[in-house]
Amino acid sequence: MNSTVIQTQQLTRDFGSLRAVDHLTLEVTGGQIFGLLGPNGAGKTTTIRLLLGLLPPTSGQVRVLGMDPLQQGEAVRSRCGALLEHAGLYERLNAEDNLDFYARIWRMDAPARKKRIQQLLEGLGLWERRKETVAEWSRGMKQKLAIARVLLHRPQLIFLDEPTAGLDVPTAAALREDLLRLVAQEGATIFLTTHNLSEAEKLCAQVAVIRQGQLLALGSPQELRARAGRPRLQIFGRGLDDHVLASLSHQPGVNGVQRFNDHLEIDLKEPTDTSALIKLLVEQGVHIEEVRKSSVSLEEAFLSMLEENHVH
Amino acid sequence: MFTDVLTIISKEWKEMFMARGSLRSGLFSMLIMVGLLGIFMPLQNGRDWLNNPLLILIWSWVPVLITLSMVTDSIAGERERHTLETLLASRLPEAAILLGKIGAAVFYAWGIMLASLLLGAVTINLAFPASPAFYDLQVFGGVLVFSLLTSWLFSSIGVLVSLHSKTARQAYQKMSVVFLLLWFIPMLVIQFLPQEIKAGLSARLMTLDLNAALTLGLVILLTADAALLLVCLNRFQRRHLIGL
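Read on for an overview of the structure. (Residues numbered from 1 in each chain as written. Chains lettered and ligands numbered in written order. Predicted model: local features only at pLDDT ≥ 70, side-chain atom pairs only at ≥ 80, totals over all residues.)

**A short note on the interface of chain A and chain B**
Opposite the 24 residues of chain A that make contact, chain B presents 21 residues. Within the residue set of the side of chain A that touches chain B, elements represented by two or more residues are helix 2 (73-78) and helix 3 (95-105) of chain A. Tallying contributions element by element places helix 3 of chain A first for the side of chain A that touches chain B, with five residues. (Contact = placed C-beta atoms within 7 Å. Helix = DSSP H or I, 4+ residues; strand = E, 2+ residues; numbered from the N terminus.)

Here it is in structure tokens:
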């Protein structure tokens, strides 16, 4: 599925004097994981609520799976699955009853319900514990169950609002793996919000960065990294003195040089052949132990975008 | 829509029975209620239980009380536990969710009332053997319909109160005040009236044109129920329920 599944045009939502989403224009192509990144309070959750037709926009247009979520809410929500800010599980009920309730809502008949619940719970390693009350479970297990609930009716489009928030590192990593595997099996489009940049980098084909409801950037994680920062060269060794620093900073292609405790960091104007710089250092008597070429991480790119936007 | 309402009702009942941690304790509290109204109270009142309509009318507040906790828990409580938004993100129409929640409370309370009345008749016939007796059919039917409509009325009020409360506890406290003012205090006053006034009231009730009185009461209750339900349907909309 490569058609557009989500399209927003100048989407805006106000809560009194607070503008939560501000003229947001987005397009999400089907069959991929799309990440909406932003700090807390950036308008990510409100955007999901608008896309699901849970809230009417103040202005602007939304199309989800080719439909207006406000006018055709039931049809849109029938084809979508959503894991919102909270897992939304009935903690007094057991895992099987939680899934059975939603399977009934999705109008699945009894044999289909039973089969699908077993398939999902087995896939997530929860089948043996299906009769336990959810309240007794850990947060990681609850998140897994919530994801099973989202996938029950094989939705075309899945909304995941901070799915790994509050989980410890190994649990979050395991959940991400489960998510990728299940999504590959189910072939759905995922609209994911997160403020975990490494998560977005691992999972998303496309990301949008928002702040105070405004779109700051849109593209693949690689594009965003490239847009936000130039490549860098790190030199570890002995003899990295002021004289070396001065001669490096006058070289073409070098944007700036900074000395740290044990290394020099050279900001390059663009990806370039760095052999000339290494040769110069060797000629100046530097004993090079290690050379590292690095680019800006998505996290650094994200922070620089936020900073830039803040300054403007 | 009907299937959706039934799905919600069955979930609400499951949650209610499991509220004390296990199905067994949930069933036990229901049996206590039926035992109180179907065995203890009839034994206390003897054959009067079958003959005096005022007695069963007074005690019909007990099942109505159940609707208060059920409705507040299923709306304010569900919002507090963050499950309402997930439910609203499903395909279910708001009306199906609302009717399911009201229906779960009303039919549970009404079912307890019906079971208690029937058990009460059995208790009286077994404990005070004489010629087999039952309630006056008109009184029996009237109390059941009255109980159904009153439960519906309090459930609808419960929905509106829950929508304006932050927590289930707050909603329940507000509802308890409403219940005290509208139901408990008037019934308590009747209970403590001098014996001769009570006898007079009972006699008047028996000599009343029951048909006319019941019809008038039912019309008033039905009108109030319909009006409140419309207000609830209007307020129970996704756009009102989801905040910042």
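And the narrative resumes.
**Observations concerning the environment of Val183(A)**
All names here are of chain A. Inspection of the secondary structure puts Val183 in helix 6 (residues 169-186). Its 20 C-beta neighbours within 10 Å are what place Val183 among the buried residues. Separated by 152 residues in sequence, Val183 and Gly31 place their C-alpha atoms 9.3 Å apart. Among all residues touching Val183, those that are not within four sequence positions of it are Ile33, Ala188 and Ile190. (Buried ≥ 20, exposed ≤ 12 C-beta atoms within 10 Å, placed from the backbone.)

**Notes on helix 5 (residues 61-80) of chain B**
Residues and elements named next belong to chain B. Over its 20 residues, helix 5 runs 28 Å from end to end, which matches the ideal 28 Å to within 8%, given 1.5 Å per residue. Roughly 35 degrees is the biggest bend found in helix 5, and it falls at Asp73. Here helix 5 lies mainly inside the structure; 15 of its 20 residues are buried. Among the residues trailing helix 5, His82 stands out with phi positive, at a value near 65 degrees. (Expected span 1.5 Å × (residues − 1). Bend = angle between axes of the 7 residues up to and from the residue.)

**So, the sheet that holds strand 8 (residues 206-211) of chain A**
Residues and elements named next belong to chain A. On the basis of which strands lie adjacent, the open sheet formed by six strands has the order 5-6-7-3-8-9 and mixed pairing. Strands at the two margins of the open sheet, each flanked by one partner only, are strand 5 (80-83) and strand 9 (214-219). Going across the sheet, the axis of each strand differs from the next one's by a mean of 15 degrees, ignoring polarity. Relative to strand 6 (residues 157-161), helix 1 (residues 44-51) is tilted by about 155 degrees, and along the sheet it contacts strand 3 (33-37), strand 6, strand 7 (189-194) and strand 8. (Pairing = 2+ DSSP bridges. Axes fitted to C-alpha atoms, helices over the stretch in contact; angles between N-to-C directions.)

**Comments concerning the pairing of strand 13 (residues 287-294) of chain A**
All names here are of chain A. Burial analysis of strand 13 places just zero of its eight residues in the buried class, a small minority of the element. Summarising the sheet, strand 10 (residues 232-238) and strand 13 pair through seven bridges and their orientation is antiparallel. If you follow Arg238 over to strand 13, its bridge partner there is His287.

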